[in-house]
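Structural overview
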Amino acid sequence: MVEQNLRPKPKPKPSKLHADVEEKANNNEKHLNKSTLGLCDQIEKLAFRKRYQEALELFEILEIEGGHEITNRTYDALVNACIGSKSIRGVKKVTNYMFNHGFELDQYMSNRVLLMHVKCGMLIDARTLFDEMPHRNLVTWNTMIAGVVDAGDFIEAYRLFLMMWSESCEADSRTFATMIRATAGLGLIYPGKELHSCVVKMGDSDDVYVACSLIDMYSKCGSIEDAQSIFDAMSEKSTVGWNSIIAGYALHGYSEEALSLYYEMQDAGVPMDHFTFSIVVRICARLGSLEHAKQAHAGLVRHGFSLDTVANTALVDLYSKWGRIEDARNVFDRMHNKNIISWNALIAGYGNHGRGEEAVELFEKMLSQRMRPNHVTFLAVLSACSYSGLLDHGWEIFESMSSIHNISPRAMHYACMIELLGREGLLDEALALIRDAPFEPTINMWAALLTACRFHKNLELGRFAAEKLYGMGPEKLSNYVVLLNIYNSMGKLEEAASVIHTLKQKGLRMLPACTWIDIKKQAHAFCSGDDSHEMTKEIYQRLDELLLEISKHGYSPEARYLLPDVDKKEEQMLLYHSEKLAVAFGLISTPDYMPLQLMQSHRICNDCHNALKLIAKVTEREIVVRDASRFHRFKDGDCSCGDYW
DNA sequence: GTAGGGTTAG
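No experiment lies behind these values; they were computed from the predicted model shown.

Some thoughts on the overall build of chain A
- Regarding its fold elements, chain A presents 34 helices and five strands.
- Looking at the 645 residues of chain A, the share that counts as buried comes to 50%.
- Considering only contacts within chain A whose residues lie at least 6 apart along the sequence, 62% involve residues at least 24 apart.

So this is what it looks like as C-alpha cells:
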C-alpha cells in the first residue's frame, strides 16, 4: 500500500505548469523578500511561521527544479507543513520524494513520517508503515495508538496497547493519557479505573495530561464525583483541566454548577481558550438564560475567539434555540470558516421555528457552495419539511439522499418522512414507507405513524401500529402515552384503562409536569399540584383571571385528552399548569417537562397552543415558550412557528 | 538533541 504511494510518478510536463511555478516562485521570493535564501531554508522558515500552504507550494517548485539536497531539518519542516495544512497531497508528495531520492529514515524521521500520516487521517497507510517498521520505540507506539484513538477505533487501541506491553514492557504518561481517552470513548469505567491505578503506581498521576484525561474519562463514564476529586487533586489546574471539569458538570446536567465553576475559573485568573467558550455557550443554551448567554458571547469576542468555528457554531445553536433566529443568522453570516455542523445548526434552527422554506433554501445554498451534507443535515432539513408540511420538498430531498448524495436514509430519516406524510393525512403512504424500508421498522417509525393516526382519528391503523409497538424493546413510556391519548380522544375508556394497567405493571411512571422560569437570575420551579411557591395564591388568582378572559375569546380546554382516572382537582391542576404559570408572571417560560397530555412527544399540545395564542392577544404581549424541541413565539394571537397539530 | 499526549459545536 505504502509502496504504491511511494512509487515515482511521471514528472509533470515542463511547458505551462513550469512557467506557472516559476511565476509563483518569483512571487514567493518577493513575498519573503529574501531571494538569496535557498529553497530549503525558505521552506523551513515558512513552516516555522505556520505558513504551511506556502511551504508546500515551495516544495513543489523544489521538486521540479531538482538537484536540491534535502536534510532532516527540511523534511521536518515539511512534515509540520503537511500536518498543519492536513494535506494528503502533501503527504504523498513528501513520501514520494523521500522514496525516489533514497532518503534513509532514522528512528526519528520514521516516527515523524508516521505522525504525518496519522495526523492527516491516512490511517491505513500509517498502519502499514507501522507494521513494516524495523524498529519501534515508545514514541512510535504512542503515535500509532493516538492515531487509532483519534480515528475512534478504541478496541484496536487496546489491542495495540497490549501488544506494546508484551513486546517492550514500557509505557509512559503519554501512553496512559491516550489509553484513558480510549476508555472514555468506550464509556467503560472499569478499564479506566485500572489505567488510573497503573498511573498511580507508576507515579505519573501528577502529570497534567493524565489528570485531564482522567477528569474527562470519569465524567464521560458517569462518575462526576471521581472527576471532581481528580480535579481537586491537581496541583496546578490548567485551562484544559478547568474546561474538562466544567464540561463534565454540564454533561451531567449540572448546568448551574458548571456555570459557577466557569466564573470561579475566571476569578482564579486562569486563561480561557476557545474550548472554554464553546463549552460555556452550550451551557447557556441549556440553561435558557439569555443574560448569561450574552455575557458568554461578549467574553468570546473580548478574548479574541470571535473567529472560532466551534464556539460560533455553538452560538448559532444557542440563538436558534432561544428563538432568536435572526441573531443566529447574523453569527452564521459573519463566520469565516463554516463547516457542516455550522450549516446543520442553522438549518435545524429555521426548521424548529416552522420556517421550513428558509431551511430548504439554506440547504440548497449549502449544496451550491459544495458543502457535502451528512445524515444530520438530512435530519434537520427533513424535519423542517415535516414541521412546515413541505411535502414535495420532503420527498425530493429524501429521494436525493441515496440517488445524489450517496447516503442511505436511516430510521430517523424514515421517521421524519412518516411524520410528514402522517401530518398531511397520507396514512397509507406512511405505512407503505414503513413496509418498504430496507431494514426492520423501528419504534420511532411506528410511533410516528401512531401519532398521525391519533390526529386523523384512524383507530384501526392506530391499533395496528400500536400492536407493532408493543413488545418492541426497549419500551418507552412515550409510546404508551401516545396510545393512551388515542384511546382517550376517541372515548375508548376501557382500552385506555388497560394501557394504564400495563403501565403500572411495567413500573413505568409518568413524571409530574414541571416548569421553571428565570426571574432576575433566580429560578422559580412549579410542579404539578405543588403549591409551595410563596406567591402561589397570587399566581392562581392571575391565572383565573386570564382563563376567564381567554374563555371569552373562545378558549375551552380539551378535557378529553386527560386521563380517565384523574379527578376534578387534578384536572384543574393540569389545565393550570406549565406555560400558563409562567405567563401569569408576564415573563418568558422555559418548561422542561410538559403537562401530562404532552408527554407523548414533549411538544406543546393543541390546548396549550390555543391558550397561549389567546393569552398573547389579551395581554398584548409577546410570549416565547420552549418545549422539548422548539420555540414558539406568540404575538398578537399568532404563533410564528406555525400550527403543526 | 530532535519526536508522541488532555478539553469544544449540529
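After that view, the rundown keeps rolling.
Description of the protein's contact with DNA strand B
- Taken together, 41 residues lie around DNA strand B, and Asn111, Asn142, Arg181, Asn344 and Asn374 are the ones closest in.
- Restricting the count to atoms of DNA strand B within 4 Å of the protein gives a sugar and phosphate share of 37%.
- At 3.0 Å from a base nitrogen of DNA strand B is found a side-chain nitrogen or oxygen belonging to Asp172.
- Between DNA strand B and Ser278 there is a distance of 2.8 Å, counted from a base oxygen to a side-chain nitrogen or oxygen.
- Considered class by class, the residues forming the surface near DNA strand B number 14 nonpolar, 17 polar and ten charged.

A few points about the nonpolar core
- Counting residues in hydrophobic clusters, the biggest one holds 133 residues, and the most contacted among them are Ile246, Ile418 and Leu449.
- Broken down by element, the residue count for this core peaks at nine residues, all from helix 27 (residues 443-455).
- Mapped onto the domain boundaries, this core takes at least three residues apiece from domain 2 (339-409) and domain 3 (422-505).
- Discounting chain neighbours no more than four positions away, the residues touching Ile246 are Ala258, Leu261, Tyr262, Met265, Ile279 and Ile283.
- Residues Ile43, Leu46, Ala77 and Val113 belong to the second largest nonpolar core, which totals 29 residues.

Some thoughts on the domain arrangement of chain A
- Entries for chain A in the domain assignment read domain 1 (1-103), domain 2 (339-409), domain 3 (422-505) and domain 4 (514-639).
- Here domain 2 and domain 3 have C-alpha centroids that lie 27 Å from each other.
- Facing the seven residues of domain 2 at the interface are five residues of domain 3.
- Across the interface of domain 2 and domain 3, roughly 450 Å² is buried in total on both sides, 65% from carbon and sulfur atoms.
- The interface formed by domain 2 and domain 3 holds zero salt bridges in total.
- Linking domain 2 to domain 3 there are one residue pair in polar contact (both at pLDDT 80 or more).
- With three residues, helix 24 (residues 391-403) is the single largest residue contributor to the side of domain 2 that touches domain 3.
- Here the side of domain 2 that touches domain 3 is composed, by residue class, of five nonpolar, two polar and no charged.

With respect to the confidence of the model for chain A
- When the pLDDT values of chain A are averaged, the result is 80; 74% of them are 70 or greater.
- Contacts from residues 28-36, a stretch scored under 50 in pLDDT, to residues over four places away or in other chains number 14 contacts.
- Low pLDDT, under 50, characterises residues 516-522; the predicted model gives this stretch 22 contacts beyond four residues in sequence or across chains.

A few points about the pattern of salt bridges
- Taken as a whole, this structure holds 17 salt bridges when the rule is applied.
- Across the salt bridge formed by Arg136 and Glu167, the nearest N and O atoms sit 3.8 Å from each other. Here Arg136, found in the loop between helix 8 (123-132) and helix 9 (138-150), pairs with Glu167, found in helix 10 (residues 154-168); they are 31 residues apart in sequence, far enough to count as distant.
- When its relative accessible area of 53% is taken as the criterion, Glu167 is described as exposed.

Thoughts on the side chain of Thr175
- Tracing the sequence through the fold places Thr175 in helix 11 (residues 173-186).
- One polar contact links Thr175 to Asn142, side chain to side chain, over a distance of 2.8 Å.

Quick look at the state of the cysteines
- Summed over all chains, the structure comprises zero disulfides.
- Cysteine Cys120 is unpaired, with the sulfur of Cys82 as its nearest cysteine sulfur at 6.0 Å.

Observations concerning the packing of helix 19 (residues 309-321) against helix 20 (residues 325-334)
- Packing of helix 19 against helix 20 brings their axes to within 7 Å, and their N-to-C directions diverge by 165 degrees. In terms of axis orientation, helix 19 runs roughly antiparallel to helix 20. The hand of the helix 19/helix 20 crossing is left-handed. Taken together, the residues of helix 20 that come into contact with helix 19 (itself represented by Asn312, Leu315, Val316, Tyr319 and Ser320) are Ile325, Asp327, Ala328, Val331 and Phe332.
- Along the lines of polarity and charge, the residues of the contact of helix 19 with helix 20 split into seven nonpolar, two polar and one charged.

Criteria and thresholds
- Residues numbered from 1 in each chain as written.
- Chains lettered and ligands numbered in written order.
- Predicted model: local features only at pLDDT ≥ 70, side-chain atom pairs only at ≥ 80, totals over all residues.
- Heavy atoms only, no water.
- Helix = DSSP H or I, 4+ residues; strand = E, 2+ residues; numbered from the N terminus.
- Buried < 20%, exposed > 50% of the residue type's maximum accessible area, 1.4 Å probe, protein only.
- Contact = heavy atoms within 4.5 Å.
- Near = heavy atom within 4 Å.
- Polar contact = N/O pair within 3.5 Å; in protein donor to acceptor, adjacent residues only side chain to side chain.
- Nonpolar A, V, L, I, M, F, W, Y, C, P; charged D, E, K, R; others polar.
- Core = buried A, V, L, I, M, F, W, Y, C linked by side-chain atoms within 4.5 Å.
- Domains from an automatic or database assignment.
- Buried area = accessible area lost by both parts, 1.4 Å probe.
- Salt bridge = Lys/Arg side-chain N within 4 Å of Asp/Glu carboxyl O.
- pLDDT = per-residue confidence, 0-100.
- Disulfide = S-S within 2.5 Å.
- Axes fitted to C-alpha atoms, helices over the stretch in contact; angles between N-to-C directions.
- Parallel < 35°, antiparallel > 145°, perpendicular 65-115°, else oblique.
- Left-handed = near helix turned anticlockwise from the far one by under 90°.

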